[in-house]
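Overview (structure and organization)
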Amino acid sequence: MTKSINGFSKLSKAEKLEWLGETYADNAADFVQEMKSWQYADNSMQRVIDGFTENAVANFALPYSIAPNFLINGQVYAVPMVIEESSVVAAASSAAKFWLDRGGFHAEVIDTVKLGQVHFRWPGNPERLREIFQNLKPVLIESAEDLVANMKSRGGGITGIELIDFADVEPGYYQLRVSFQTCDSMGANFINSVLERFDQTLEAFFTDFEGINDEERDVEVIMSILSNYTPECAVRVWAECPISSFRELAIKQGMEAEMLAERFAMAVRIAQIDTYRATTHNKGIYNGIDAVVLATGNDFRAIEAGGHTFASRDGQYRSLSSCHISDGNFTFEMTVPLAMGTVGGLTALHPLAKRSLELLGHPSARELMCIAASVGLAQNFAAVRSLITTGIQKGHMKMHLTNILNHLEATEEEMTSALSHFEHQTVSFSAVRGYLEGLRETH
Ligand code: HMG
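Since the structure is predicted, the reported quantities are computational estimates derived from the model, not experimental observations. (Residues numbered from 1 in each chain as written. Predicted model: local features only at pLDDT ≥ 70, side-chain atom pairs only at ≥ 80, totals over all residues. Heavy atoms only, no water.)

Let us now look at the overall build of the protein chain. Looking only at helices and strands, the protein chain features 17 helices and nine strands. Each of the three principal axes of the protein chain carries a C-alpha extent, and together these read 90 × 70 × 40 Å. When burial is assessed residue by residue, the protein chain has 45% of its 443 residues classed as buried. If you take every contact in the protein chain between residues at least 6 apart in sequence, the share linking residues at least 24 apart comes to 70%. Carbon and sulfur atoms make up 51% of the accessible area of the protein chain, which amounts to about 22800 Å² in all. Averaging the coordinates of the 36 positive side-chain charges in the protein chain and doing the same for the 56 negative ones gives two points 5 Å apart. (Helix = DSSP H or I, 4+ residues; strand = E, 2+ residues; numbered from the N terminus. Buried < 20%, exposed > 50% of the residue type's maximum accessible area, 1.4 Å probe, protein only. Contact = heavy atoms within 4.5 Å. Areas by Shrake-Rupley, 256 points an atom, 1.4 Å probe, with all protein chains shown as cover. Lys, Arg positive; Asp, Glu negative; His and termini not counted. Charge placed at Lys NZ, Arg CZ, Asp CG, Glu CD.)

Attention now goes to a positive patch on the surface. A contiguous patch of positive charge on the surface is contributed by K97, K252, K394 and K398. By secondary structure assignment, the location of K398 is in helix α15 (residues 392–407). (Patch = residues over 30% accessible without salt bridge, like charges linked within 9 Å, V, L, I, M, F, W, Y side chains within 5 Å. Salt bridge = Lys/Arg side-chain N within 4 Å of Asp/Glu carboxyl O.)

Neighbouring the ligand are 25 residues; S87, K97, R277, K283 and K398 lie closest to it. K283 places a side-chain nitrogen or oxygen 2.7 Å from an oxygen atom of the ligand. Looking at the shell around the ligand, the elements that each hand over two or more residues are α4 (88–100), α10 (275–295), α14 (365–387) and α15. Here the shell around the ligand is composed, by residue class, of eight nonpolar, 11 polar and six charged. Each of two domains, domain 1 (64–111 + 231–390) and domain 3 (396–442), supplies a minimum of three residues to the shell around the ligand. (Near = heavy atom within 4 Å. Polar contact = N/O pair within 3.5 Å; in protein donor to acceptor, adjacent residues only side chain to side chain. Nonpolar A, V, L, I, M, F, W, Y, C, P; charged D, E, K, R; others polar. Domains from an automatic or database assignment.)

Between its first and last C-alpha, helix α5 (residues 126–143) extends 24 Å over 18 residues, near the 26 Å set by a 1.5 Å rise per residue. Most pronounced at Q134, the bend in α5 amounts to some 40 degrees, and the proline P138 follows within four residues. Among the residues making up α5, those that are buried are L129, I132, F133, L136 and L140. On its buried face, α5 sits against β3 (106–121), β4 (157–165), β5 (173–181) and α7 (188–208). Between the side-chain oxygen at the start of α5 and the backbone nitrogen of E127 there is a gap of 3.0 Å, and the oxygen is on N125. (Expected span 1.5 Å × (residues − 1). Bend = angle between axes of the 7 residues up to and from the residue.)

Working note: α-helix, 3.6 residues per turn, so residues spaced by three or four point in the same direction. In a regular helix each residue adds 1.5 Å, so 17 residues correspond to 24 Å; helix α9 (residues 257–273) covers 24 Å between its end C-alpha atoms and thus fits that length. Packed against the buried residues of α9 are α8 (247–252), α10, β8 (321–326), β9 (329–337) and α14.

Below, the discussion takes up a nonpolar patch on the surface. Taken together, V48, L346 and L349 make up a surface patch of nonpolar side chains, about 210 Å² in accessible area. Within the secondary structure, V48 is located in helix α3 (residues 43–50).

The final tally for this structure, using the stated rule, is 15 salt bridges. Taking the shortest distance from any N to any O, the salt bridge between K13 and D50 comes out at 2.7 Å. Separated by 37 residues along the polypeptide, K13 in helix α1 (residues 13–24) and D50 in helix α3 bring together distant segments of the chain. On the basis of relative accessible area, K13 is assigned to the partly exposed category, the value being 21%. The salt bridge partner of R130 is D165, with a shortest N-O separation of 4.0 Å. Taken together, the positions of R130 in helix α5 and D165 in strand β4 put the pair 35 residues apart, joining distant regions of the chain. Via salt bridges that share partners, E108, R236 and E333 belong to a single interconnected network.

Turning our eyes to something else, we now look at the domain arrangement of the protein chain. Split by domain assignment, the protein chain resolves into domain 1 (64–111 + 231–390), domain 2 (114–227) and domain 3 (396–442). Each of domain 2 and domain 3 has a C-alpha centre, and these two points are 61 Å apart.

For V178, the location among the structural elements is in strand β5. For V178, a relative accessible area of 0% translates into the label buried.

Moving on to the packing of α5 against α7. The interhelical angle for the contact between α5 and α7, taken along N-to-C directions, is 130 degrees, at an axis separation of 10 Å. With respect to α7, the element α5 is oriented oblique. The handedness of the crossing between α5 and α7 comes out as right-handed. Every residue of α7 that contacts α5 at L129, I132, N135, L136, V139, L140, I141 and S143 is listed here: R197, F198, T201, L202, F205 and F206. Classifying every residue of the contact of α5 with α7 gives 10 nonpolar, three polar and one charged. (Axes fitted to C-alpha atoms, helices over the stretch in contact; angles between N-to-C directions. Parallel < 35°, antiparallel > 145°, perpendicular 65-115°, else oblique. Left-handed = near helix turned anticlockwise from the far one by under 90°.)

Below, the discussion takes up the nonpolar core. Core analysis: the biggest nonpolar cluster contains 72 residues, and F70, F246, F330 and L338 have the highest contact counts within it. Of the residues forming this core, the biggest block, 12 residues, is contributed by α14. Excluding residues that lie within four positions of it along the chain, F70 makes contacts with Q75, V76, Y77, V79, A92, A96, F105, S374, V375 and A378. Core analysis: the second largest hydrophobic core is formed by 29 residues, A144, L195, F198 and V221 among them. (Core = buried A, V, L, I, M, F, W, Y, C linked by side-chain atoms within 4.5 Å.)

Listed below in structure tokens is the structure:
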């Protein structure tokens with residue numbers, strides 16, 4: 001049987017499921033029935049969800065969790081997080097609780113500048129292009145006035161256009177680098193529409209402008225698109241306390257507070273020095289950030305891509321966070337680019353994204369950036385704290401226990417018994433399987 005198809009996109013959802021079931025599934029009827037069971041009964045709701053993407057045949061469920069007790073800039077939030085990985089929400093909640101009594105998280109938006117680029121080829125010399133650019137720039141801005149009018153009335157719009165010369169690395173290659181303020185929206189569609197208008201204007205300008213000769217008319221736009229690298233749309237977040245505040249935590253590990261703090265700082269320095277460690281360290285930060293980004297209907301791929309580039313800004317990939325100890329004080333901080341929005345896109349369409357924003361008190365984009373950055377730092381704090389004390393597996397496997405029990409098809413009764421048994425035992429897949437086998441033999 002052929003496994004390829006023409007016109008899949010034109011089939012109805014039922015036809016798509018039927019074809020998939022018959023072509024790829026182990027049992028077509030079971031497959032179709034299960035996939036259908038993952039749909040909303042409410043058709044209008046399902047239509048909204050289907051509209052987010054193409055060729056949708058079911059909904060893919062992920063838990064919607066809450067990390068309470070996040071004190072950020074003096075306000076306490078219960079933060080929604082969407083993530084599939086065990087122990088992330090527990091870790092964020094636990095760090096939030098720890099910092100709640102120590103002043104919480106402090107965050108400030110550095111700026112909210114977003115960038116877009118028009119990449120083009122031009123045959124002349126850079127000096128000459130710089131002269132022509134002086135005439136081109138106002139024409140570009142004027143040409144996009146209709147697209148920018150609404151954003152301008154909200155206080156945003158185009159804030160700058162630069163000519164960037166790459167002709168020494170790629171002959172004839174130049175770029176318009178355009179800066180935007182997009183207020184409470186992430187602004188991707190707005191930015192891309194303006195850039196595509198600039199394409200047309202650029203080509204028309206070089207055709208019509210009287211101040212250039214025929215050879216100079218030969219401009220070729222290669223592409224135009226926003227950049228997900230937003231080093232100037234960033235937040236600085238920090239948490240600080242006297243080292244003596246670690247006393248209780250340190251005693252549990254048989255350490256002095258100073259030792260715990262020093263060890264923490266060393267662990268963060270290692271992630272500054274070593275790229276392999278930095279990658280895992282930053283993954284821990286994005287455990288927190290991505291979960292908030294998803295829960296609020298923002299674009300986690302864009303935000304991660306920008307963050308990882310930022311982590312390499314001096315030429316080596318390093319930890320996004322840093323830790324300082326001075327005069328008996330511990331400061332843990334991070335600067336992270338975060339292009340987030342609270343209006344437009346999925347934020348207004350996804351019913352749970354709307355609920356997330358409601359739970360967060362209908363934040364502005366700036367406030368949401370502060371919240372996401374704080375959750376990232378909290379997550380990082382909890383992970384590093386575990387790594388330098390108990391090791392990660394103890395807490396992680398404790399949270400992962402339910403997944404193992406579900407995987408081994410434990411009954412309610414077995415579940416209760418195992419959760420209590422493993423309260424003080426090391427959790428591993430084989431230990432849990434052994435325990436369940438023991439229980440089942442006894443019964
Ligand atoms: P614990 O000390 O066993 O927790 O820590 P506890 O039972 O004493 O509870 C203290 C608080 O933790 C609770 O307060 C909750 O806030 C939270 P309460 O609600 O009782 O007032 N908490 C929970 N929240 C929800 N559900 C739960 C739950 N249990 C505790 N079931 C904990 C347990 C997991 C918090 C701790 O071991 C921890 O923080 N571990 C770190 C886990 C982690 O970072 N996981 C991320 C996945 S691993 C990874 O991908 C990243 C990594 O590679 C990054 C890196 O290398 O840097 C590690």
